[in-house]
Amino acid sequence: MDDEFKQKLGNRIKELRELQNSSLEEVAEKADIHRTTLGKIERGNREPSISIALRIAEALDVTVTELVNPDSFRTPKEEHVVSNADIYDKVPFGEAAVLRGIEETYENLDTIDFAFQRRGAEPLAEQFDEYSALSTVIGEFFATGVASASDGLYEVNAGDFPDLISTGKKEGIPGIEVKVAMEKNMPEGHLPKPGMYIVIRYILADRDKNYVKGERGDTAWVWEVRMGEIEEDQFNKSDTKGDSGKTATFSADALWDFDCVYLDPELIPYSRYKDKGALAEVQGQQQLSEGSTH
């Protein structure tokens, strides 16, 4: 971490602390660090470790991204939610859980990128040889966020199918598998497994959300979330070499039959997006939002 970044970080921490009318001692106590340590960090004389940065962020009730890079703090916009999707009649949560899933994804990815930044390394998206590994990480973060916003009805079923399972708090809770694909790709798995799915598709843009079709940046942005049920015969199956033996990919018709529950129109990788109803809704909501700010 260079001196300029340390100074900016220290200034930001002090600014947030003073905005909350908190003393150095109060924030240090909440963060479980010594007041002199916090003072040195605020003055740019000491580099905080990842764990200390996280504790300071928690003490100030912000994310680590808001703390270290407030100009590029990422959060999904409510106007990108497709409201009243029929699929919500079949699951015990609503739009807020989907937004929380995306928020959790961004918060965790940004925390990891901060750790790499401290070491002078490339962001997480640049660390993988295959983007499938990044997709797996995104799916795990998203599932954790949905579970945390489900009023205790879901828990993450780490490493098993489906990804989200009932906690037993209430009967009739369907299991949900989370699948992630990049850009226009269809989600895939080793075997065709029918059931309820959430499908997240993302693109790679730059940190400031500048996206050019056909180009890839170093920051993952969710552009679409779809939810629905799929039958075994709606997968495209093919024999492939390797340990899995088979690959089962969603058919395009199956995915488009899913309800779109989140859509960021600035990031759509298609020249012509098929789900015109969802696109019209979020564009209308975005225009209303922009109009209310003028």
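Everything that follows concerns the structure shown earlier in this document.
Note that the structure is a prediction, hence the values are computed from the model and not measured.

K.L.:
I'd like a description of the nonpolar core, backed by residues and values.
P.N.:
Phe93 and Val225 are the most contacted members of the largest nonpolar core, which has 68 residues in total. It is strand β5 (residues 195–205) that provides the largest number of residues to this core, a total of nine residues. Look past the residues within four positions of Val225 in its chain and what remains in contact with it is Val98, Ile102, Phe142, Ile198, Val199, Ile200, Asp259, Cys260, Val261 and Tyr262. Counting 22 residues, the second-largest nonpolar core is a separate cluster that includes Ile13, Ala57, Leu60 and Leu67.

K.L.:
Would you mind going over the side chain of Lys179 in detail, with residue names and values included?
P.N.:
Among the secondary structure elements, Lys179 is positioned in strand β3 (residues 176–182). Among the polar contacts made by the side chain of Lys179, one reaches the main-chain carbonyl oxygen of Glu188 at a distance of 3.2 Å. Excluding its chain neighbours within four sequence positions, the residues that come into contact with Lys179 are Pro187, Glu188, Gly189, Tyr197, Ile198, Val199 and Ile200.

K.L.:
Any details on the packing of helix α4 (residues 50–59) against helix α6 (residues 95–118)? Residues and values, ideally.
P.N.:
Between α4 and α6, the shortest axis-to-axis distance is 11 Å and the interhelical angle comes to 135 degrees. As the angle between them shows, α4 and α6 are arranged oblique. For the crossing formed where α4 meets α6, the hand is right-handed. Two secondary-structure elements touch here, α4 through Ile50, Ala53 and Leu54 and α6 through Thr111, Phe114, Ala115 and Arg118.

K.L.:
For α4, give the residues involved together with the corresponding values.
P.N.:
Among the residues of α4, Ile52, Ala53, Ile56, Ala57 and Ala59 are the ones counted as buried. The buried residues of α4 occupy an angular sector of 160 degrees when the element is viewed end-on, so they sit on one face. In this structure, the buried residues of α4 make contact with α1 (3–19), α2 (24–31), α3 (35–42), α5 (64–68) and α6. Asp61 sits one or two positions beyond α4 and adopts a positive phi of about 60 degrees.

K.L.:
Lay out the packing of aromatic side chains in plain terms, naming residues and giving numbers.
P.N.:
One pass over the structure, following the stated rule, counts twelve aromatic pairs. Between Tyr197 and Phe235, the aromatic rings sit 6.4 Å apart at their centres with planes inclined by 65 degrees, giving edge-to-face as the arrangement. You can see Tyr197 sitting in strand β5 and its partner Phe235 sitting in strand β7 (residues 235–239), a full 38 residues away along the chain. For the pair Tyr197 and Phe235, one class covers both residues: buried. An aromatic cluster of at least three residues, connected via ring pairs, comprises Phe161, Tyr197, Phe235, Phe250 and Phe258. Taking the ring centre of Trp221 as reference, the NZ or CZ of Arg74 above it sits at 4.6 Å. Residue placement shows Arg201 over the ring face of Trp256; its charged tip is 5.5 Å from the ring centre.

K.L.:
Could you give me a rundown of the pattern of salt bridges, with the residues and numbers involved?
P.N.:
In total, this model carries 15 salt bridges according to the counting rule given. For the salt bridge of Lys90 with Glu229, the shortest nitrogen-to-oxygen distance reads 2.9 Å. Placement of the pair is Lys90 in the loop between α5 and α6 and Glu229 in strand β6 (residues 219–230), with a sequence separation of 139 residues. The shortest N-O distance in the salt bridge between Lys209 and Asp264 comes to 2.7 Å. Taken together, the positions of Lys209 in the loop between β5 and β6 and Asp264 in the loop between β9 (259–263) and α9 (276–292) put the pair 55 residues apart, joining distant regions of the chain. The buried category is assigned to Asp264, whose relative accessible area is 2%. Within the structure, one salt-bridge network assembled from shared partners comprises Arg100, Glu103, Glu104 and Glu107.

The rules behind the values
Residues numbered from 1 in each chain as written. Predicted model: local features only at pLDDT ≥ 70, side-chain atom pairs only at ≥ 80, totals over all residues. Heavy atoms only, no water. Core = buried A, V, L, I, M, F, W, Y, C linked by side-chain atoms within 4.5 Å. Buried < 20%, exposed > 50% of the residue type's maximum accessible area, 1.4 Å probe, protein only. Helix = DSSP H or I, 4+ residues; strand = E, 2+ residues; numbered from the N terminus. Contact = heavy atoms within 4.5 Å. Polar contact = N/O pair within 3.5 Å; in protein donor to acceptor, adjacent residues only side chain to side chain. Axes fitted to C-alpha atoms, helices over the stretch in contact; angles between N-to-C directions. Parallel < 35°, antiparallel > 145°, perpendicular 65-115°, else oblique. Left-handed = near helix turned anticlockwise from the far one by under 90°. Arc of directions from axis to C-beta. Phe/Tyr/Trp six-rings, centres within 6.5 Å; stacked < 30°, edge-to-face > 60°. Lys NZ or Arg CZ within 6 Å of the ring centre and 35° of its normal. Salt bridge = Lys/Arg side-chain N within 4 Å of Asp/Glu carboxyl O.

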